[in-house]
Amino acid sequence: MSFVPGQPVTAVVERVEIQKLRQGENLILGFSIGGGIDQDPGQNPFSEDKSDKGIYVTRISPKGPADLAGLKMGDKIMQVNGWDMTMVTHDQARKKLTKKREDVVRLLVTRKSLEEAVKHSKCSYPKH
């Protein structure tokens, strides 16, 4: 998926709802992120477009809340609880994900396999 700042984004997205795990005072999501408009996009191993400053899932804790919800390593986070995540800093993204009074995080993510599935389905109609 290519992204041009200021232009509409067309993406195949999936909704992922993560129930945070409570450990004492902490709420655990079970994943780590990378990216953001303040980071070097060339260091992002999940982005084909090395100018993409999106927020990506860089690590998933096995059997953690994110894993159980279906989040995948390499997913690009487009929204968190309705908030646009396409033009945020790394710290802004982290803060949106880790709000203390939210037990559930609702994400819109896009991933390469979703885009590939749509491309293949568009091409696989029988020709008459």
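For the protein chain, an unreviewed UniProt entry supplies the name Tax1-binding protein 3 and the organism Pundamilia nyererei.

**Q** A description of the pattern of salt bridges should follow, citing residues and the corresponding values.
**A** Evaluation of the coordinates by the stated rule reveals seven salt bridges. The closest approach of N and O atoms between arginine 111 and glutamate 14, which form a salt bridge, is 3.0 Å. You can see arginine 111 sitting in the loop between β8 (104-110) and α3 (112-123) and its partner glutamate 14 sitting in strand β1 (residues 14-19), a full 97 residues away along the chain. The exposure class of arginine 111 is buried, given its relative accessible area of 11%. Judged by relative accessible area, which is 25%, glutamate 14 ranks as partly exposed. Linking arginine 106 and glutamate 17 is a salt bridge whose minimum nitrogen-to-oxygen distance equals 3.1 Å. With arginine 106 in strand β8 and glutamate 17 in strand β1, the pair connects residues that are 89 residues apart, well separated along the chain. What makes glutamate 17 partly exposed here is its relative accessible area of 49%. Shared partners join several salt bridges into a network, and the residues in it are Glu14, Asp75 and Arg111.

**Q** Hey, could you go over the environment of glycine 36 for me, with residue numbers and the actual values?
**A** For glycine 36, the position within the fold is in the loop between β4 (31-35) and β5 (55-60). Between the alpha carbons of glycine 36 and aspartate 91 there is a distance of 8.1 Å; along the sequence they are 55 residues apart. When near neighbours in sequence (up to four residues on either side) are disregarded, glycine 36 contacts Lys53, Gly54, Ile55, Val88, Thr89 and His90.

**Q** Pulling in residues and values, what's your account of the packing of aromatic side chains?
**A** Within the structure shown, the criterion is met by zero aromatic pairs. When the ring centre of tryptophan 83 is taken as reference, the NZ or CZ atom of lysine 96 above it lies at 3.6 Å.

**Q** Please set out unusual backbone geometry residue by residue, giving values where relevant.
**A** Phi is positive for lysine 63, which is not a glycine, with a value near 65°. As for its position among the elements, lysine 63 is in the loop between β5 and α1 (65-69). With a phi angle near 50°, asparagine 81 is a residue other than glycine that sits in the positive phi range. The residue asparagine 81 is located in the loop between β6 (76-80) and β7 (83-84) in this model.

About the cut-offs
Starting from 1, residues in each chain are numbered consecutively following that chain's sequence as written. Only residues with pLDDT of 70 or above have their local features reported here, since the model is predicted, and side-chain atom pairs are shown and tallied only from 80 upward, although totals for entire chains, interfaces and linings are computed over all residues. Values shown for side chains rest on all heavy atoms present in the structure; no hydrogens or waters enter the calculation. We define a salt bridge as a side-chain nitrogen of Lys or Arg found within 4 Å of a carboxyl oxygen belonging to Asp or Glu. Each helix is a run of DSSP H or I of at least 4 residues and each strand a run of E of at least 2, with the numbering of both proceeding from the N terminus. Partly exposed describes any residue whose relative accessible area lies between the buried limit of under 20% and the exposed limit of over 50%, with all areas from a 1.4 Å probe on protein chains only and scaled to the type maximum. Contacts are residue-level and defined by heavy atoms, with any inter-residue pair within 4.5 Å sufficient. The aromatic pairing rule takes the rings of Phe, Tyr and Trp, using the six-membered ring of Trp, and pairs them if the centres are within 6.5 Å, calling planes under 30 degrees apart stacked, those over 60 edge-to-face and the rest tilted. Two conditions define a charge located above a ring, namely a distance within 6 Å from the ring centre to NZ of Lys or CZ of Arg, and an angle within 35 degrees of the ring normal.

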